[in-house]
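Now for the letters of each chain:
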Amino acid sequence: MKKFIMSTMAATAAVAMVPSTASAATIINAGFETGDLTGWSVNAPAAGLVSVVSSATALGAGPTYLPQEGNFFAKLLTGTGQDLSTVLSQTFDMLAGETFSFRTAFDTSEAPGSSFNDKGSVGVFNITDAINTTLYSKSVSSVVPSGSEPWTYITFTAPTDATYFFSASVKNVGDNIIPSALYLDLAVPEPSTWAMMLLGFSLIGVSMRRRRNVQVSFA
Ligand SMILES: [Ca+2]
Ligand SMILES: [Ca+2]
């Protein structure tokens, strides 16, 4: 009976760790591990505002930003043009139930409470059905007091088969002096997901050892 319970738990854990319907969307160079912007489109008010980096010194009072997957991530700077946006995007097809996951962070040295409320955002636009979905939106006023937002995990599941336009952007609002930044990288599974996977593996291991022991005792 105990063995049955353990086997059942292992089976349940195994099912839990494999998404039953979702598969990952095909995004070219999603984690920027080519070390460049292969597969991505840039729309920016000046050259050099989007780069692929292995670390970034925070503009605000935060720690150094490091890759969340592999060795590289993307860094978007506003530049100093007033009310201009820097946009990094990619268009791809997704089937209903397919997912993608990213981490992103907004970083600014603008003083909180100023009227220069620079913004960072990430969204996905369903071109087929003309539906816009905001996945992340932060501004100077929402990242006080340090100005340097920690990485945020974002996951999106396509509700329908469609062509999707994914974009990350950062905008310099109200001034032409102080830039802000947005960082973007592919996300590895959240810690809770890893914990569930490890639990699944360990339960399967326990179950297999028990089965082996049973066989030995009957030999
Ligand atoms: Ca990466
Ligand atoms: Ca600014």
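To be clear, the structure that these remarks concern was listed above.
Residues numbered from 1 in each chain as written. Chains lettered and ligands numbered in written order. Predicted model: local features only at pLDDT ≥ 70, side-chain atom pairs only at ≥ 80, totals over all residues. Heavy atoms only, no water.

**Quick notes on the coordination of the calcium ion (ligand 1)**
Looking at the calcium ion (ligand 1), the protein donor atoms are Gly31 (O), Glu33 (OE), Glu69 (O), Glu69 (OE), Phe72 (O), Asp185 (OD) and Asp185 (OD), and they sit 2.3 to 3.0 Å from it. All donor residues of the calcium ion (ligand 1) come from one chain, and their arrangement in sequence is G-x1-E-x35-E-x2-F-x112-D. Here glutamate 69 is found in the loop between β2 (50–53) and β3 (73–77), whereas its partner aspartate 185 is found in strand β10 (residues 180–186), with 116 residues between them in sequence. Using a relative accessible area of 18% as the deciding quantity, one classes glutamate 69 as buried. On the accessibility criterion, aspartate 185 (0% relative accessible area) is buried. (Donors = N, O, S within 2.8 Å, 3.2 Å for Na, K, Ca; no water. Helix = DSSP H or I, 4+ residues; strand = E, 2+ residues; numbered from the N terminus. Buried < 20%, exposed > 50% of the residue type's maximum accessible area, 1.4 Å probe, protein only.)

**Some remarks on the environment of leucine 182**
Looking at where leucine 182 falls in the secondary structure, it is placed in strand β10. With eleven residues separating them in the primary sequence, leucine 182 and lysine 171 have C-alpha atoms 9.4 Å apart.

**A short note on the sheet that holds strand β7 (residues 131–139)**
Taken in spatial order, the five strands of this open sheet run β1-β4-β9-β6-β7, and their pairing is antiparallel. Edge positions in the sheet fall to β1 (41–43) and β7, since each has one partner strand and no second. For this sheet, the mean angle separating the axes of adjacent strands, direction not counted, is 15°. The sheet contact formed by strand β4 (residues 85–94) and strand β9 (residues 162–171) spans ten bridges and is antiparallel. Counterpart to aspartate 93 in the pairing with β9 is threonine 163. (Pairing = 2+ DSSP bridges. Axes fitted to C-alpha atoms, helices over the stretch in contact; angles between N-to-C directions.)

**What to know about the coordination of the calcium ion (ligand 2)**
Within the protein, the calcium ion (ligand 2) binds to Glu110 (OE), Asp118 (OD), Asp118 (OD), Asn172 (OD1), Asp175 (OD) and Ile178 (O); these donor distances fall in the range 2.1 to 2.8 Å. Each of the six donor atoms around the calcium ion (ligand 2) contributes to a set of angles spanning 49 to 173°, which defines the coordination as irregular. All donors of the calcium ion (ligand 2) come from a single chain, and their spacing in sequence reads E-x7-D-x53-N-x2-D-x2-I. Of the two residues, aspartate 118 is situated in the loop between β5 (99–108) and β6 (119–126) and asparagine 172 in the loop between β9 and β10; the sequence distance between them amounts to 54 residues. (Tetrahedral: all angles 85-135°; square planar, octahedral: opposite > 155°, others 65-115°.)

**Regarding the pattern of salt bridges**
A full pass over the atoms with the stated rule returns one salt bridge. Among the ionic pairs, lysine 138 bridges to glutamate 149, the shortest N-O distance being 2.4 Å. A residue pair is termed long-range when its members are at least 10 positions apart, and lysine 138 in strand β7 and glutamate 149 in the loop between β7 and β8 (152–157) qualify at eleven residues. Glutamate 149 gets classed as buried once you look at its relative accessible area, which sits at 13%. (Salt bridge = Lys/Arg side-chain N within 4 Å of Asp/Glu carboxyl O.)

**Re the packing of aromatic side chains**
Summed over the entire model, instances satisfying the criterion amount to 14 aromatic pairs. Between the aromatic rings of tryptophan 40 and phenylalanine 102, the centroid separation amounts to 6.4 Å while the plane-to-plane angle is 80°, which identifies the pairing as edge-to-face. Taken as a pair, tryptophan 40 in the loop between α1 (2–17) and β1 and phenylalanine 102 in strand β5 lie far apart in primary sequence, 62 residues in all. The class for tryptophan 40 is buried, based on a relative accessible area of 9%. On the basis of an interplanar angle of 90° and a centroid distance of 5.7 Å, the ring pair of phenylalanine 92 and phenylalanine 100 is categorised as edge-to-face. Accessibility expressed as a relative area gives 5% for phenylalanine 100, which makes it buried. (Phe/Tyr/Trp six-rings, centres within 6.5 Å; stacked < 30°, edge-to-face > 60°.)

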